[in-house]
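The primary structure of each chain is shown beneath.
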Amino acid sequence: MTTQFQLIAKITPKPEHMQDVRDSLTSILAPTRAEPGCLKFNLLEGRSGDCFYLDEEWISDDALAAHYEMDYIKPIFAKYENWLATPAEIHKMTALA
C-alpha cells in the first residue's frame, strides 16, 4: 500500500557553510524532482537568513528511502556532518485537508 506524505526538513548550516549548503541543495533540485516517487521538492530560505527548508511530498516511505540512497545525495549527507550547526530536523506529515 502506498502512503503518500509530506515532509518538511529544516537545515541549519554553520555560518561559514551557508553558501556550501545553498549550493548543495540547489544542485539536487532537478534530479530529485525527476525521481519517480517525488511529487514535490521545493527549497526555501528562512527569512532570518540562517537556515533552509525543504518542502517535500513523496508517494511512500520507500520512495524517500530510495532518494536517500541516490549517488547525488550520499556525498551531501556526509558533508553535512561538518557543515551543519545542528542535525537536520525532519518532520513527516499527512495532509488532513
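Residues numbered from 1 in each chain as written. Predicted model: local features only at pLDDT ≥ 70, side-chain atom pairs only at ≥ 80, totals over all residues. Heavy atoms only, no water.

Visitor: Which parts of the structure should I look at to understand the layout of surface pockets?
Guide: Rolled over the atoms, a probe with the dimensions of a water molecule shows which regions are left empty. Of the pockets and cavities examined, the largest pocket occupies roughly 170 Å³. Around the largest pocket sit 16 residues that line it, and I11, L54, Y68, F77 and I90 are the ones nearest its centre. For the lining of the largest pocket, the elements supplying multiple residues, two or more each, are β1 (5-11), α1 (18-33), β3 (52-58), α2 (61-68) and α3 (74-83). Grouping the constituent residues of the lining of the largest pocket by class yields 14 nonpolar, 1 polar and 1 charged. (1 Å grid on protein atoms, 1.4 Å probe; cavity = no way out; pocket = protein on both sides within 12 Å on 5 of 7 lines; lining within 4 Å. Points joined across faces, edges and corners; volume = space filled by probe spheres on them. Helix = DSSP H or I, 4+ residues; strand = E, 2+ residues; numbered from the N terminus. Nonpolar A, V, L, I, M, F, W, Y, C, P; charged D, E, K, R; others polar.)

Visitor: Sorry if this is basic, but what is going on with the packing of aromatic side chains here?
Guide: The geometry of an aromatic ring pair comes down to the distance between the two centres and the angle between the two planes. The tally for this structure, following the rule as stated, stands at 3 aromatic pairs. For the pair F77 and Y80, a centre-to-centre distance of 6.3 Å together with 45° between the ring planes defines the contact as tilted. One end of the pair is F77 and the other is Y80, both in helix α3 and 3 residues apart, which spans about a single turn. Judged by relative accessible area, which is 9%, Y80 ranks as buried. An aromatic cluster of three or more residues is present, and its members are Y68, F77, Y80 and W83. (Phe/Tyr/Trp six-rings, centres within 6.5 Å; stacked < 30°, edge-to-face > 60°. Buried < 20%, exposed > 50% of the residue type's maximum accessible area, 1.4 Å probe, protein only.)

Visitor: I tried to follow the nonpolar core on my own but got confused; where do I start?
Guide: In globular proteins that are soluble, nonpolar side chains generally tend to be buried together. With 21 residues, the main nonpolar core has I11, V21, L25, F41, W58 and Y80 as its most contacted residues. Elements with a contribution of two residues or more to this core: β1, α1, β2 (38-45), β3, α2 and α3. The contact partners of L25, leaving out residues within four places of it in the chain, are I11, L43, F52, L54 and Y80. (Core = buried A, V, L, I, M, F, W, Y, C linked by side-chain atoms within 4.5 Å. Contact = heavy atoms within 4.5 Å.)

Visitor: I keep staring at the environment of R33 and nothing clicks. Help me out?
Guide: Note that R33 resides in helix α1. The exposure class assigned to R33 is partly exposed, which follows from its relative accessible area of 44%. When the C-alpha atoms of R33 and E56 are compared, they prove to be 9.6 Å apart, with 23 residues separating the residues in sequence. Excluding residues that lie within four positions of it along the chain, R33 makes contacts with C38, F41 and N42. One polar contact links the side chain of R33 to the main-chain carbonyl oxygen of F41, over a distance of 2.8 Å. (Polar contact = N/O pair within 3.5 Å; in protein donor to acceptor, adjacent residues only side chain to side chain.)

None of the figures reported here should be taken as evidence of function without further support.
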